Amino acid sequence: MAVIKLNLENFAQEVLKSEKPVLVDMYADWCGPCMMMAPEIEAFAEETDKVKVCKLDVDEATDLALTFGVMSIPTVILFHKGQEVKRFVGAKEKHQIAEFVGE
């Protein structure tokens, strides 16, 4: 499944109202570790159907980043039934992302 690009308009529908768990990568285009992790997130998204994989540019959605207490990027948050389940901060490889979501 392809990575879904989030913004203020679709965040509630794609994340908070989702029937399946949602992995949200909070990133910025200027962030080196974010750029390093981007292909890992893409590869994970292509191989899983267990979770919906999304990306949110914190520069474009500062209010959402603040709402979820994102202080460093990349921050990856796993949501289930509209609630945060867990998170990690920093770049990880595809297999680590899979372990994080329980695959």
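Quick notes on the rules
Residues numbered from 1 in each chain as written. Predicted model: local features only at pLDDT ≥ 70, side-chain atom pairs only at ≥ 80, totals over all residues. Heavy atoms only, no water. Pairing = 2+ DSSP bridges. Helix = DSSP H or I, 4+ residues; strand = E, 2+ residues; numbered from the N terminus. Axes fitted to C-alpha atoms, helices over the stretch in contact; angles between N-to-C directions. Contact = heavy atoms within 4.5 Å. Disulfide = S-S within 2.5 Å. Buried < 20%, exposed > 50% of the residue type's maximum accessible area, 1.4 Å probe, protein only. Phe/Tyr/Trp six-rings, centres within 6.5 Å; stacked < 30°, edge-to-face > 60°.

Asks: Would you mind showing me how to read the sheet that holds strand E1 (residues 4-6) here?
Replies: Consider a sheet: its strands pair through backbone hydrogen bonds, and that pairing is either parallel or antiparallel. The 5 strands are arranged E1-E3-E2-E4-E5 in an open sheet whose pairing can be described as mixed. The sheet is open, and its two borders are formed by E1 and strand E5 (83-89), each paired with just one other strand. Along the sheet, successive strands turn relative to each other by an average axial angle of 25°, direction set aside. Sheet strands touched by helix H2 (residues 32-47): strand E2 (22-27), strand E3 (52-57), strand E4 (75-80) and E5. Its angle to E3, the strand with the most contacts, is close to 155°. Of the strands in this sheet, E2, E4 and E5 are in contact with helix H4 (residues 94-101), which crosses E5 at around 150°.

Asks: Is there a simple way to think about the state of the cysteines in this case?
Replies: Where two cysteines share a covalent bond between their sulfur atoms, that bond is called a disulfide. Tallied over the full model, the rule gives 1 disulfide. Residue pairing for Cys 31: its cysteine sulfur links by disulfide to Cys 34, the two sulfurs lying 2.5 Å apart. Since a negative S-S torsion denotes a left-handed disulfide, the Cys 31-Cys 34 link at about 75° is right-handed. Of the two residues, Cys 31 and Cys 34, neither departs from the other in class, the shared state being buried. For the unlinked cysteine Cys 54, the closest cysteine sulfur is that of Cys 34, found at 16 Å.

Asks: Help me out: how do you make sense of the packing of aromatic side chains in this one?
Replies: Two measures describe an aromatic ring pair: the distance that separates the ring centres and the angle between the ring planes. Under the counting rule described, the total for this entry stands at 4 aromatic pairs. On the numbers, 5.6 Å between centres and 45° between planes, the contact of Phe 11 with Phe 68 is tilted. Within this pair, whereas Phe 11 is found in helix H1 (residues 11-16), its partner Phe 68 is found in the loop between helix H3 (62-67) and E4, the two being separated by 57 residues in sequence. Given a relative accessible area of 3%, Phe 11 falls into the buried group.

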